[in-house]
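Chain by chain, the residues run as shown.
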Amino acid sequence: MRVVHAECKNSASGLVWRGSISLDKTPVLVWRWKINRIYRHINERKESGDDFPARIYLVTGTRWLPWTLRVLCYVWSNGSGGVSDWPSPYTGREKMVPVRHGVAGVGHWQTMRRNVGRDFRKAFGIHVRSLDAVGIMTDCDNSHNHAQAWYGDLHFLAH
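Residues numbered from 1 in each chain as written. Predicted model: local features only at pLDDT ≥ 70, side-chain atom pairs only at ≥ 80, totals over all residues. Heavy atoms only, no water.

(A) Molecular detail of the packing of aromatic side chains. Tallied over the entire structure, the rule returns five aromatic pairs. Taking the centre distance of 5.9 Å and the plane angle of 45° together, the rings of Trp33 and Trp76 count as tilted. Taken together, the residues Trp33 in strand E3 (residues 28–35) and Trp76 in strand E5 (residues 65–77) connect sequence positions 43 residues apart. Side by side, Trp33 and Trp76 carry an identical accessibility label, which is buried. Ring geometry for Phe52 against Trp86: centres 6.4 Å apart, planes inclined by 35°, an arrangement best described as tilted. Separated by 34 residues along the polypeptide, Phe52 in the loop between E3 and strand E4 (55–62) and Trp86 in strand E6 (residues 86–87) bring together distant segments of the chain. Both residues of the pair, Phe52 and Trp86, belong to the buried class. Connected via pairs of aromatic rings, a cluster forms that spans Trp31, Trp33, Tyr74 and Trp76. Taking the ring centre of Trp76 as reference, the NZ or CZ of Arg100 above it sits at 5.2 Å. (Phe/Tyr/Trp six-rings, centres within 6.5 Å; stacked < 30°, edge-to-face > 60°. Helix = DSSP H or I, 4+ residues; strand = E, 2+ residues; numbered from the N terminus. Buried < 20%, exposed > 50% of the residue type's maximum accessible area, 1.4 Å probe, protein only. Lys NZ or Arg CZ within 6 Å of the ring centre and 35° of its normal.)

What follows is the structure in structure tokens.
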């Protein structure tokens, strides 16, 4: 297993891969992640609480043509945002999707599987043929927290 370890202390750690991934051929993302803690007493739906111990960004479009950008952000929710998707407090072009919620599973590897193409249709009402970037991030800059996360074995499958 290949693992990336990320840590934040009143900061953010991120890593981005840019390239093309066909969602027509490989719409399913599978990954493993583990966190050491969640952040308590924050409101994830507001800018001041937009922090997550683990998140995965899936980006379609280009910053040179900002109206083409759409972002899904799979998050390990601290619990305050709820269990349904919500728009980013920063932009309407990004949707937060809580795929883990609260303290259940903290400290243990969790295997996740999502149909990215289906999630883009649900979030934005559009058919996305390909991704242009994938990123991981552990952040705690807004809430002034600290955390660690481990990300492993991110890959795309046909089904």
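(B) Spotlight on the layout of surface pockets. Here the largest pocket defines a volume of roughly 400 Å³. Along the walls of the largest pocket sit 16 residues, with Val16, Arg18, Val59, Leu69 and Ala133 positioned nearest its centre. By residue number, the principal contributor to the lining of the largest pocket is strand E9 (residues 130–139), which donates six residues. Class assignment of the residues belonging to the lining of the largest pocket gives a composition of 10 nonpolar, three polar and three charged. Of the pockets and cavities examined, the second largest pocket occupies roughly 300 Å³. Along its surface, the second largest pocket is lined by 17 residues, and Leu15, Trp17, Val134, Ile136 and Leu154 are the ones closest to its centre. Secondary-structure elements contributing two or more residues to the lining of the second largest pocket are strand E1 (3–9), strand E2 (12–22), E9 and strand E10 (146–157). (1 Å grid on protein atoms, 1.4 Å probe; cavity = no way out; pocket = protein on both sides within 12 Å on 5 of 7 lines; lining within 4 Å. Points joined across faces, edges and corners; volume = space filled by probe spheres on them. Nonpolar A, V, L, I, M, F, W, Y, C, P; charged D, E, K, R; others polar.)

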